[in-house]
Amino acid sequence: MAANDTIADMLTRIRNANLARHQTTQVPATRMTHSIAKVLLEEGFINNIETAGEGIKSHLVLSLKYKGKNRQPIITAIKRISRPGLRVYSNKKDLPRVLGGIGIAIISTSSGIMTDRQARQQNVGGEVLCYVW
(Lines give C-alpha, C1' and ligand atoms only; values in the text may rest on other atoms or scores of the structure.)
Protein backbone atom coordinates (compact mmCIF):
# COMPACT_ATOMS: atom_id res chain seq x y z
CA MET A 1 0.00 0.00 0.00
CA ALA A 2 1.85 3.05 -1.29
CA ALA A 3 -0.69 5.72 -0.36
CA ASN A 4 -0.72 6.38 3.34
CA ASP A 5 -4.44 6.82 3.88
CA THR A 6 -4.56 5.22 7.31
CA ILE A 7 -8.28 5.89 7.65
CA ALA A 8 -9.22 4.09 4.42
CA ASP A 9 -6.89 1.28 5.48
CA MET A 10 -8.61 1.05 8.85
CA LEU A 11 -12.11 1.03 7.33
CA THR A 12 -11.11 -1.65 4.82
CA ARG A 13 -9.70 -3.85 7.57
CA ILE A 14 -12.92 -3.50 9.58
CA ARG A 15 -15.03 -4.20 6.48
CA ASN A 16 -13.01 -7.31 5.58
CA ALA A 17 -12.98 -8.68 9.12
CA ASN A 18 -16.75 -8.17 9.27
CA LEU A 19 -17.31 -10.06 6.02
CA ALA A 20 -15.15 -12.93 7.27
CA ARG A 21 -16.99 -12.82 10.63
CA HIS A 22 -13.74 -12.34 12.56
CA GLN A 23 -13.97 -11.61 16.26
CA THR A 24 -11.19 -9.02 16.17
CA THR A 25 -9.18 -7.05 13.64
CA GLN A 26 -5.93 -5.12 13.94
CA VAL A 27 -5.41 -1.59 12.68
CA PRO A 28 -2.21 0.47 12.92
CA ALA A 29 -2.39 2.73 15.97
CA THR A 30 -2.37 6.43 15.15
CA ARG A 31 -4.11 9.24 17.00
CA MET A 32 -6.62 9.38 14.13
CA THR A 33 -7.43 5.64 14.08
CA HIS A 34 -7.71 5.67 17.87
CA SER A 35 -10.18 8.56 17.82
CA ILE A 36 -12.28 6.89 15.11
CA ALA A 37 -12.25 3.60 17.03
CA LYS A 38 -13.38 5.47 20.15
CA VAL A 39 -16.35 6.94 18.26
CA LEU A 40 -17.27 3.48 16.91
CA LEU A 41 -17.07 2.13 20.47
CA GLU A 42 -19.23 4.94 21.93
CA GLU A 43 -21.81 4.45 19.17
CA GLY A 44 -21.97 0.70 19.84
CA PHE A 45 -20.52 -0.52 16.53
CA ILE A 46 -17.61 -2.36 18.18
CA ASN A 47 -17.19 -4.08 21.55
CA ASN A 48 -13.81 -2.96 22.69
CA ILE A 49 -10.42 -1.44 21.79
CA GLU A 50 -7.06 -2.71 23.00
CA THR A 51 -3.64 -1.32 22.22
CA ALA A 52 -0.95 -3.89 21.45
CA GLY A 53 2.69 -3.59 20.48
CA GLU A 54 5.19 -0.84 21.26
CA GLY A 55 6.07 2.53 19.76
CA ILE A 56 5.91 2.74 16.00
CA LYS A 57 4.79 -0.87 15.63
CA SER A 58 1.82 -0.53 17.95
CA HIS A 59 -1.65 -1.35 16.72
CA LEU A 60 -5.22 -1.33 17.95
CA VAL A 61 -7.13 -4.58 18.33
CA LEU A 62 -10.82 -3.88 17.68
CA SER A 63 -13.41 -6.42 18.88
CA LEU A 64 -16.22 -6.54 16.33
CA LYS A 65 -19.86 -6.87 17.27
CA TYR A 66 -22.37 -9.30 15.79
CA LYS A 67 -26.05 -9.89 16.48
CA GLY A 68 -28.23 -12.98 16.48
CA LYS A 69 -27.31 -16.64 16.24
CA ASN A 70 -26.13 -16.39 12.63
CA ARG A 71 -23.89 -13.50 13.70
CA GLN A 72 -24.97 -10.65 11.47
CA PRO A 73 -22.35 -7.89 11.65
CA ILE A 74 -23.57 -4.76 13.47
CA ILE A 75 -21.74 -2.63 10.89
CA THR A 76 -23.66 -3.17 7.65
CA ALA A 77 -21.54 -0.70 5.72
CA ILE A 78 -18.63 1.60 6.38
CA LYS A 79 -17.71 4.13 3.72
CA ARG A 80 -14.80 6.56 3.34
CA ILE A 81 -16.06 10.00 2.30
CA SER A 82 -13.23 12.50 2.50
CA ARG A 83 -9.99 11.13 1.10
CA PRO A 84 -6.52 12.56 0.43
CA GLY A 85 -7.34 13.13 -3.25
CA LEU A 86 -10.70 14.73 -2.56
CA ARG A 87 -11.34 16.27 0.82
CA VAL A 88 -14.97 16.67 1.83
CA TYR A 89 -15.77 19.41 4.33
CA SER A 90 -19.11 20.37 5.76
CA ASN A 91 -20.12 23.40 7.76
CA LYS A 92 -22.41 23.03 10.75
CA LYS A 93 -25.52 23.74 8.67
CA ASP A 94 -24.79 21.09 6.04
CA LEU A 95 -23.71 18.18 8.26
CA PRO A 96 -24.85 14.97 6.56
CA ARG A 97 -27.55 12.73 7.98
CA VAL A 98 -26.74 9.10 7.27
CA LEU A 99 -29.79 6.99 6.37
CA GLY A 100 -32.08 9.52 8.02
CA GLY A 101 -30.18 9.31 11.29
CA ILE A 102 -29.88 5.52 11.51
CA GLY A 103 -26.19 5.62 10.65
CA ILE A 104 -23.50 8.01 11.77
CA ALA A 105 -21.07 10.25 9.98
CA ILE A 106 -17.69 10.57 11.66
CA ILE A 107 -16.50 14.16 11.46
CA SER A 108 -13.04 15.55 12.18
CA THR A 109 -13.66 18.91 13.82
CA SER A 110 -11.49 21.50 15.52
CA SER A 111 -12.66 20.00 18.81
CA GLY A 112 -11.73 16.44 17.90
CA ILE A 113 -13.28 13.47 16.10
CA MET A 114 -17.00 13.09 16.73
CA THR A 115 -20.29 11.97 15.20
CA ASP A 116 -22.47 14.24 13.09
CA ARG A 117 -24.90 14.39 16.03
CA GLN A 118 -22.26 15.61 18.50
CA ALA A 119 -20.98 18.12 15.93
CA ARG A 120 -24.51 19.51 15.58
CA GLN A 121 -24.85 19.81 19.36
CA GLN A 122 -21.50 21.59 19.64
CA ASN A 123 -22.33 23.71 16.61
CA VAL A 124 -19.17 22.87 14.66
CA GLY A 125 -18.46 21.63 11.14
CA GLY A 126 -15.42 19.82 9.82
CA GLU A 127 -14.06 17.16 7.52
CA VAL A 128 -16.47 14.29 6.84
CA LEU A 129 -14.25 11.24 7.33
CA CYS A 130 -16.68 8.36 6.85
CA TYR A 131 -20.23 7.02 7.15
CA VAL A 132 -21.06 3.96 9.24
CA TRP A 133 -24.38 2.15 9.42
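Each value, and the rule that gives it
- Residues numbered from 1 in each chain as written.
- Predicted model: local features only at pLDDT ≥ 70, side-chain atom pairs only at ≥ 80, totals over all residues.
- Heavy atoms only, no water.
- Helix = DSSP H or I, 4+ residues; strand = E, 2+ residues; numbered from the N terminus.
- Buried < 20%, exposed > 50% of the residue type's maximum accessible area, 1.4 Å probe, protein only.
- Contact = heavy atoms within 4.5 Å.
- Core = buried A, V, L, I, M, F, W, Y, C linked by side-chain atoms within 4.5 Å.
- Pairing = 2+ DSSP bridges.
- Axes fitted to C-alpha atoms, helices over the stretch in contact; angles between N-to-C directions.

Before going further, it helps to spend a moment on the side chain of D116. Following the sequence through the fold, D116 ends up in helix α3 (residues 116-122). According to the relative accessible area criterion, D116 is buried, its value standing at 5%. Discounting residues that sit within four places of it in the chain, D116 has contacts with L95, P96, R97, I104, A105 and I107.

Take the nonpolar core next. Within the largest apolar cluster, 25 residues are counted, with the highest numbers of intra-cluster contacts made by I14, I36, L40, L62, I106 and V132. At the level of elements, α1 (6-19), α2 (31-42), β2 (46-52), β3 (59-64), β8 (104-109) and β10 (126-132) are the ones that each hand at least two residues to this core. Per element, the largest residue contribution to this core is 5 residues, and it comes from α1. Once you skip the residues sitting within four places of it in the chain, L62 turns out to touch M10, I14, Q23, T24, T25, V27, A37, I46, N48 and I49. Formed by 9 residues, the second largest nonpolar core is a distinct cluster that contains A105, M114, A119 and V128.

With that out of the way, let us pick up the sheet that holds strand β1 (residues 24-28). Ordered by their spatial adjacency, 3 strands build an open sheet running β1-β3-β2, and the pairing between neighbours is antiparallel. At either end of the open sheet lies a strand with only one pairing partner, and these are β1 and β2. Across the sheet, the mean angle from the axis of one strand to that of its neighbour is 25 degrees, orientation sign disregarded. Alignment of β2 against β3, held across 6 bridges, turns out to be antiparallel. Bridge assignment links I49 to a residue of β3, and that residue is L62. Its contacts with the sheet put α1 on β1 and β3, and the angle it makes with β1 is roughly 170 degrees.

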